[in-house]
Structure formats: C-alpha cells, structure tokens
Amino acid sequence: MAKVLGLGGLFFKAEDPAAVRAWYARVLGFEVHDWGATFNHPKTGAVSWAPFAADTGYFEPSDASFMINFIVDDLDGVLARAAAEGVEPTGRQDEDLGRFAWLIDPAGVKIELWQPAPEEA
C-alpha cells in the first residue's frame, strides 16, 4: 500500500535566512549549507507529527504557528553551547520520555530539544 514513511523536512520563512542558518550552526551545531541542512535518521527516539489546538499555549512565547523538535544526544552539552552564544532556554523538563528544553531562534520559532530516555535492556 502506498503510504507516508516519515517526516521528510521542515521548511519555513524567515526575514533573514542567512542569519537564521548562521544561528543554527553556532548555537545548535548544525552543519549548514546555503540551501539548509539534512539529518540521517536518528538511532534513538522517533519523529513525531501532532496537530495542536489553535489556542494552544505550548508554542509560547513564540507567535509562530509551528514548533520544531530536535533529538539531541547530550541536552546539557547543547544547552552549554547555546549559553556560550548568549541563548538561554525558556524552560526545561525531565520526564519518562526523556529530557526537554526550549529555545527561541532568531526567526521567533520555538525550538524543542529532546534527549530521549535511555532504552531499557
């Protein structure tokens, strides 16, 4: 049966795409090209797709109608890298699914960082 296999990309508008690409390279360590970036499928976690209610507060303080989630291997390390660039998280949370933190990028988009919980043997 023909079906969707997973998330193929995320594309969004920005007033200054070059500055946004540079921010992601500096703050989150992306290997960024003029056209963007690609990621191999992670060995941990899963890609999620979820529509939220129009009045959700989950994306706040961003006004964007979407949020980006990135799987990370070392949340503390990524947050230290962000802090070195003057970017502080808007929140942090540890739960059964793993560890989470949130940043706002220069385009005003909320970024959710997720370090999945270790898999049980």
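First, a word on scope: everything that follows refers to the structure included in this document. (Residues numbered from 1 in each chain as written. Predicted model: local features only at pLDDT ≥ 70, side-chain atom pairs only at ≥ 80, totals over all residues. Heavy atoms only, no water.)

**Quick word on unusual backbone geometry**
Look at the link from glutamate 60 to proline 61: it is a cis peptide, with omega at 15°. Tracing the backbone through its elements, the reader meets proline 61 in the loop between α1 (17-28) and β1 (67-71). (Helix = DSSP H or I, 4+ residues; strand = E, 2+ residues; numbered from the N terminus.)

**What about α1?**
Over its twelve residues, α1 extends 16 Å from the first C-alpha to the last, a length consistent with the 16 Å expected when each residue adds 1.5 Å. Of the surrounding secondary structure, the elements contacted by the buried residues of α1 are β1, α2 (75-84), β3 (98-104) and β4 (110-116). Looking one or two residues beyond α1, the residue adopting positive phi is glycine 29, at roughly 75°. (Expected span 1.5 Å × (residues − 1). Contact = heavy atoms within 4.5 Å.)

**Some remarks on the environment of tryptophan 114**
Here tryptophan 114 is to be found in strand β4. Its relative accessible area of 12% is what places tryptophan 114 among the buried residues. For tryptophan 114, the residues in contact, after removing those within four places along its chain, are Gly45, Ala46, Asn69, Phe70, Ile71, Val72, Leu97, Gly98, Arg99 and Phe100. Separated by 3.1 Å, the side chain of tryptophan 114 and the backbone oxygen of leucine 97 make a polar contact. (Buried < 20%, exposed > 50% of the residue type's maximum accessible area, 1.4 Å probe, protein only. Polar contact = N/O pair within 3.5 Å; in protein donor to acceptor, adjacent residues only side chain to side chain.)

**Regarding the pattern of salt bridges**
It is possible for side chains bearing opposite charge to pair when their charged atoms get close. Taken as a whole, this structure holds four salt bridges when the rule is applied. Close ionic contact of glutamate 85 with arginine 26 constitutes a salt bridge, the shortest N to O distance being 2.9 Å. Of the two residues, glutamate 85 is situated in the loop between α2 and β2 (91-95) and arginine 26 in helix α1; the sequence distance between them amounts to 59 residues. Under the relative-accessibility criterion, arginine 26 is labelled partly exposed at 39%. Between arginine 99 and aspartate 94 there is a salt bridge whose closest N-O contact spans 3.5 Å. The exposure class assigned to arginine 99 is partly exposed, which follows from its relative accessible area of 22%. Residue aspartate 94 is classed as exposed on the basis of its relative accessible area, which comes to 55%. Through salt bridges that share partners, Asp76, Arg92, Asp94 and Arg99 make up one connected network. (Salt bridge = Lys/Arg side-chain N within 4 Å of Asp/Glu carboxyl O.)

**Looking at the nonpolar core**
In this structure, Tyr24, Leu28, Phe70, Leu103, Ile111 and Leu113 are the most contacted members of the largest nonpolar core, which totals 19 residues. At the level of secondary structure, the elements contributing two or more residues to this core comprise α1, β1, α2, β3 and β4. Those residues within four positions of leucine 28 in sequence are excluded, and the remaining contacts are Trp23, Phe70, Val78, Arg81, Leu103, Ile111 and Leu113. Met67, Phe100, Trp102 and Trp114 belong to the second-largest nonpolar core, a separate cluster that totals five residues. (Core = buried A, V, L, I, M, F, W, Y, C linked by side-chain atoms within 4.5 Å.)

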